[in-house]
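Okay, here's what each chain looks like letter by letter:
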Amino acid sequence: MCQLQKKDITEVEGVWCVSITDDGSNQHIKALASKRLIPIHHQLLNIGFIEYCLKTTSKNEDMIFPELTIRNDRYGHAPSKWFGRVKSE
């Protein structure tokens, strides 16, 4: 999720989805079978996820979460380390 780009949020037949691919710059997947289209949960829609994504568009940034930086060739490195520490507490 850390590597999501604006192009990865798409509406398909009236349903908002996240497209998981390795098509974008610095995007990685573990296996070819990992490519998929995932409907966005209604709770995320209710709290304004789409509006957030549209808002970031006006900043001319590709990333959904532009505050994340690449480390060890991945956007998720630092968040993964943080989550590992939090869940073990």
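Model, not experiment: these values are computed from the prediction.

For soluble globular proteins, the rule of thumb is that nonpolar side chains tend to be buried together. Grouped together as the largest cluster of nonpolar side chains are ten residues: L4, I9, V18, I20, I29, I40, F49, I50, C53 and I64. Those elements that place two or more of their residues in this core are strand 2 (15–20) and helix 2 (49–57). Here the element with the most residues in this core is helix 2; it accounts for three residues.

Strands sit in the order 1-2-3 across an open sheet of three strands; the sheet is antiparallel. Strand pairing shows two members of the sheet lacking a second neighbour, strand 1 (9–12) and strand 3 (36–39), which therefore form its edges. Put simply, the sheet's adjacent strands are angled 40° from each other on average, direction ignored.

For strand 1 and strand 2, the ladder comprises four bridges, and the chain directions are antiparallel. When the bridges of strand 2 are listed, T10 appears paired with C17. Between strand 1 and the antiparallel strand that follows it, strand 2, lie two residues; E13 among them carries a positive phi value of about 50°. Where strand 2 lies against strand 3, four bridges are found, and the strand directions are antiparallel. Within strand 3, the residue paired with V18 across the bridge is I38.

Right, let's get into unusual backbone geometry. Trans peptide bonds make up most of the peptide bonds, and negative phi angles are found at most residues other than glycine. Phi angles above zero are rare outside glycine, and E13 is one such case at about 50°. Following the sequence through the fold, E13 ends up in the loop between strand 1 and strand 2.

Reading guide: rules and limits
Sequence positions are assigned chain by chain, starting from 1 and proceeding in written order. Given that the model is predicted, a residue must reach a pLDDT of at least 70 before its local features are reported, and side-chain atom pairs must reach 80 or more before they are shown or counted; all residues, however, enter totals for whole chains, interfaces and linings. The side-chain quantities take in all heavy atoms of the structure and omit both hydrogens and water. Buried Ala, Val, Leu, Ile, Met, Phe, Trp, Tyr and Cys residues that are joined via side-chain atoms within 4.5 Å together make up what is termed a nonpolar core. Burial classes follow relative accessibility: with a 1.4 Å probe on protein chains only, a residue under 20% of its type's maximum area counts as buried, one over 50% as exposed, and anything between as partly exposed. Each helix corresponds to a stretch of at least 4 residues labelled H or I by DSSP, and each strand to a stretch of at least 2 residues labelled E; elements are numbered beginning at the N terminus. Strands were regarded as paired on the criterion that DSSP finds at least two bridges between them. Axis lines are fitted to C-alpha atoms, over the contacting stretch for helices. Their N-to-C directions set the angle, which ranges from 0 to 180 degrees.

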